[in-house]
Amino acid sequence: MLKFMVVLRRHPDLTPTQFRRHLEQIHAPLAKNLPGLRKYIQNHPFSDPSRTLPAWDAIVELYFDDRESMEAAWASPQGTASDADLPLFADMDRTTWSVVEELNLLP
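Let us look at the structure shown here.

Calculation criteria
In this numbering scheme, every chain counts its residues from 1 along its sequence in written order. Under the rules for a predicted model, residues below a pLDDT of 70 receive no local features and side-chain atom pairs below 80 are neither given nor counted, while totals for whole chains, interfaces and linings still include all residues. Derived side-chain values reflect all non-hydrogen atoms in the structure, with water molecules and hydrogen atoms excluded from consideration. DSSP-based pairing: two strands are paired if at least 2 bridges between them are found. The helix and strand labels rest on DSSP assignments: H or I over at least four residues marks a helix, E over at least two residues marks a strand, and numbering proceeds from the N terminus. Only the stretch in contact is used when a helix axis is fitted, and all axes are lines through C-alpha atoms; the angle between N-to-C directions ranges over 0 to 180 degrees. Throughout, a residue-residue contact means that at least one pair of heavy atoms, one from each residue, lies within 4.5 Å. Only protein chains enter the accessibility calculation, which uses a 1.4 Å probe; a residue whose area is less than 20% of its type maximum is buried, one above 50% is exposed, and one in between is partly exposed. In this analysis, rings of Phe, Tyr and Trp, with Trp reduced to its six-membered ring, are considered paired at centre separations within 6.5 Å, and the interplanar angle assigns stacked below 30 degrees, edge-to-face beyond 60, and tilted for intermediate values. When the NZ atom of lysine or the CZ atom of arginine is within 6 Å of a ring's centre and also within 35 degrees of its normal, the charge is said to sit over that ring. In what follows, salt bridge is the name for a side-chain nitrogen of Lys or Arg lying within 4 Å of a carboxyl oxygen of Asp or Glu. Angles below 35 degrees are treated as roughly parallel, those above 145 as roughly antiparallel, those between 65 and 115 as roughly perpendicular, and all remaining angles as oblique. Asp, Glu, Lys and Arg are counted as charged, while Ala, Val, Leu, Ile, Met, Phe, Trp, Tyr, Cys and Pro are counted as nonpolar; the rest, among them Gly, fall into the polar class.

Observations regarding the sheet that holds strand β1 (residues 2–8)
Alright, step 1. Read across the sheet, four strands follow the order β2-β3-β1-β4 without closing on themselves; strand pairing throughout is antiparallel. Across the chains shown, the open sheet's two edge strands, defined by having one partner strand only, are β2 (39–43) and β4 (96–100). Averaged over all neighbouring strand pairs, the angle between strand axes comes to 15 degrees, with direction disregarded.
Alright, step 2. Examined bridge by bridge, β2 and strand β3 (residues 58–64) share five bridges and lie antiparallel to one another. Within β3, the position partnered with Ile41 by the bridge is Glu61.
Alright, step 3. Lying over the sheet, helix α1 (residues 16–32) contacts β1, β2 and β3, oriented at roughly 170 degrees with respect to β2.
Alright, step 4. In this fold helix α2 (residues 67–75) packs onto β1, β3 and β4, with an angle of close to 115 degrees to the strand it touches most, β3.

What follows is the structure, encoded as structure tokens:
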């Protein structure tokens, strides 16, 4: 299983509420239609008065069987639509992504 993570920063013209609404209601349906996608998770900061909010607005995890299926997903019409939507709510100069290796260190 291959995991692709995106660390999203909101577009400066959007409030945190507007950013989250777009990610959940508009972008998520696009991402969930990627061919070969096995799992899709959005992580949002949780308000905790004992901690400072992080510099990011959301972390998204997308799971594929392997690199070939991930690359095919990005090259598909659904991948093109998902990519075209990103600049509408994300600051592309501060958003980063990578294939990651997940190590589960608990039995």
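Back to the write-up after that little detour.
Thoughts on the pairing of β3
Alright, step 1. Among the seven residues that make up β3, seven are buried, leaving the element largely enclosed by the rest of the structure.
Alright, step 2. Examined bridge by bridge, β1 and β3 share seven bridges and lie antiparallel to one another. Opposite Leu8, over in β3, you have Ala58 as the bridge partner.

What to know about the packing of aromatic side chains
Two descriptors summarise a pair of aromatic rings, namely the distance from one centre to the other and the angle between the planes of the rings.
Alright, step 1. Inspection of the entire model under this criterion finds three aromatic pairs.
Alright, step 2. Ring geometry for Phe64 versus Trp74: centroids 5.8 Å apart, planes at 70 degrees, classification edge-to-face. You can see Phe64 sitting in strand β3 and its partner Trp74 sitting in helix α2, a full ten residues away along the chain. The pair Phe64 / Trp74 is uniform in exposure class, with both members buried.
Alright, step 3. Three or more aromatic residues link up through ring pairs in this structure, and these residues are Phe4, Phe64 and Trp74.
Alright, step 4. The lysine or arginine in question, Lys39, covers the ring of Tyr63, its NZ or CZ lying 5.0 Å from the ring centre.

Details of the pattern of salt bridges
Alright, step 1. Inspection of the entire model under this criterion finds eight salt bridges.
Alright, step 2. Here Glu102 and Lys3 are joined by a salt bridge, their closest N and O atoms 2.5 Å apart. Here Lys3 lies in strand β1 and Glu102 lies in the segment after β4, a separation of 99 residues in the sequence.
Alright, step 3. The class of Lys3 is buried, set by a relative accessible area of 10%.
Alright, step 4. Overlapping salt bridges, with partners in common, bring together Lys3, Glu61 and Glu102 in one network.

Quick word on the packing of α2 against helix α3 (residues 77–85)
Alright, step 1. Contact pair α2 / α3: the axes reach a minimum separation of 4 Å and the direction vectors enclose 70 degrees. If you check the angle between α2 and α3, you find them roughly perpendicular. Taking contact as the criterion, the partners of Ala73, Trp74 and Ala75 in α2 are, on α3, Pro77, Gly79 and Thr80.
Alright, step 2. When the residues that make up the contact of α2 with α3 are grouped by side-chain class, the tally is four nonpolar, two polar and no charged.

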